[in-house]
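Report on the structure
Below are the chains, spelled out letter by letter.
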Amino acid sequence: MEPVIVHRKDSTNIGDMASCPKLYFDWLANADVIDILDIHNHDLSGRSVILGGGGLFHPPFEKFLQYIL
């Protein structure tokens, strides 16, 4: 099963859009990409999760990171 990439996909923030690991690593070409704000809508059981982008460890994202754990 391909890994899933979790990052902030805010189309109004060029930094967020440029921080997706899929853009930089060929081996992630088939990986699913999920916005961290939508993480609760996905079952990550048995999936390898790659966190990408800056700012994900700021307090507003803590509940989303807890869901991943």
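In the block above lies the structure referred to throughout.
All of these numbers come straight from a predicted model, not from anything done at the bench.

What to know about the side chain of Asp16
With respect to the helices and strands, Asp16 occurs in helix α1 (residues 14-18). Within the buried core, Asp16 has no salt-bridge partner, and the shortest N-O distance to an opposite charge, that of Arg8, equals 4.8 Å. The contacts of Asp16, once residues within four sequence positions are left out, are His7, Arg8 and Asp10.

Quick word on the sheet that holds strand β3 (residues 49-51)
If you walk across this open sheet you meet the 3 strands as β2-β1-β3, and the pairing is parallel. The strands lining the two open edges of the sheet, one partner per strand, are β2 (32-35) and β3. Looking at each pair of strands side by side, their axes are set apart by 25° on average, direction ignored. Sheet analysis places strand β1 (residues 4-7) next to β3, joined by 3 bridges and oriented parallel. Bridge pairing in β3 links Val4 to Val49.

Thresholds, definitions, all that
Residues numbered from 1 in each chain as written. Predicted model: local features only at pLDDT ≥ 70, side-chain atom pairs only at ≥ 80, totals over all residues. Heavy atoms only, no water. Helix = DSSP H or I, 4+ residues; strand = E, 2+ residues; numbered from the N terminus. Buried < 20%, exposed > 50% of the residue type's maximum accessible area, 1.4 Å probe, protein only. Lys, Arg positive; Asp, Glu negative; His and termini not counted. Salt bridge = Lys/Arg side-chain N within 4 Å of Asp/Glu carboxyl O. Contact = heavy atoms within 4.5 Å. Pairing = 2+ DSSP bridges. Axes fitted to C-alpha atoms, helices over the stretch in contact; angles between N-to-C directions.

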